[in-house]
Amino acid sequence: MTAEGAEGESLAGGMVNAGAVVRRGAVVERPAPRNARALHPYLLALREHGFDAAPAPVALTGDGREQLTFIPGDVALPPFPDWAMTEAALASVGSLLRRLHEAGAAVPVDTRADWPRDLADPAGGTLLCHNDVCPENVVFRDGRAVALIDFDMAAPGRPLWDVAMTARYWVPMLDPAAAAALHPAGLDAPTRLRVLADGYGLSPQDRAELPGVIEQATEVCRAFVTHRVADGDPLYLRSLAERGGWARWDRTQTWLADHRETFRTALLS
Ligand SMILES: Nc1ncnc2c1ncn2[C@@H]1O[C@H](COP(=O)(O)OP(=O)(O)O)[C@@H](O)[C@H]1O
Ligand SMILES: [Mg+2]
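Residues numbered from 1 in each chain as written. Chains lettered and ligands numbered in written order. Predicted model: local features only at pLDDT ≥ 70, side-chain atom pairs only at ≥ 80, totals over all residues.

K.L.:
In this structure, what is going on with the overall build of the protein? I would like to understand it.
P.N.:
Counting secondary structure elements, the protein contains nine helices and nine strands. Whereas a compact globule of 269 residues would reach a radius of gyration of roughly 18 Å, the protein reaches 18 Å, a difference of no more than 12%. Principal axes of the C-alpha set define a box for the protein whose edges measure 50 × 40 × 40 Å. Buried positions account for 35% of the 269 residues belonging to the protein. Once local pairs closer than 6 in sequence are excluded, the contacts in the protein between residues at least 24 apart make up 73%. (Helix = DSSP H or I, 4+ residues; strand = E, 2+ residues; numbered from the N terminus. Rg over C-alpha atoms; globule rule 2.2 N^0.38 Å. Buried ≥ 20, exposed ≤ 12 C-beta atoms within 10 Å, placed from the backbone. Contact = placed C-beta atoms within 7 Å.)

K.L.:
Explain helix 7 (residues 234-242) to me, please; I cannot follow it from the model alone.
P.N.:
Because each turn of an α-helix spans 3.6 residues, side chains separated by three or four positions in sequence point in the same direction. The element helix 7 is largely exposed, with a buried count of zero among its nine residues. Downstream of helix 7 by one or two residues, Gly244 has phi in the positive range, about 90°.

K.L.:
Just checking my understanding: could you explain helix 2 (residues 87-104) for this structure?
P.N.:
The end-to-end C-alpha distance of helix 2 is 26 Å, a good match for the 26 Å that 18 residues give at a rise of 1.5 Å each. Among the residues of helix 2, those classed as buried are Ala89, Leu90, Val93, Gly94, Leu96, Leu97, Leu100, His101 and Gly104. Taken around the axis of helix 2, the buried residues stretch over an arc of 165°, which confines them to a single face. (Expected span 1.5 Å × (residues − 1). Arc of directions from axis to C-beta.)

This is the structure we're talking about:
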């Protein structure tokens, strides 16, 4: 949170909508994703299926913004504090994602809608994956994840894809030097990947596939950044430069491939 006034309180956290997310009392107003007319009914249907751990849509404004309910709690911002990176916090993120998927399994996805392809599962699927469960998009209370926000990247995919995306951010699935830039020191990736999978209740078959899907998700995220940088997007140009450029991506991808078996063993032992 950065500023308060008659215009409302500006909420800090994201990159894409930085400075454009404003809280007024119980309502958050932010730029509406272009598929808001499909996303809002989906979020309402999730609530009808018992998942209330996401903002409820309130309205779309005439000037292209959306209003959602504000969810009280703590959101971890980089550099990520210790409380957000405990194993209990990680397990709670896994179980919250599982609740989202269980409710979502009962909600039909509007396949004619223009869901964003940016971070979508290349294999496709029938579940609406969140696709962007990074720390800045999870609300905590008392050290436990209580809500997911920012469904801008949601798109159909396999549940396992969402687990892989979540692992990238929360384990994190980065080589140790890259992880140290924003995360507390000393996080053990194989152990934490197991904690996330246990919190989610991941099946043995999905555990065997997860390391490979994380590598695939990393390629998709790299391609996303590549496109934004090629378009000259200043946000992505700056964050790429600040975070070690393409060499950092190379190191992480090599590290993931080198440790594929270690992760598989930690998940299945
Ligand atoms: N409905 C909400 N309830 C509570 N906090 C919110 C809500 N929406 C946004 N925030 C806060 O504002 C920050 C930025 O909002 P977000 O919608 O994630 O923007 P961006 O699209 O830029 O990532 C979040 O990281 C969170 O701290
Ligand atoms: Mg966000």
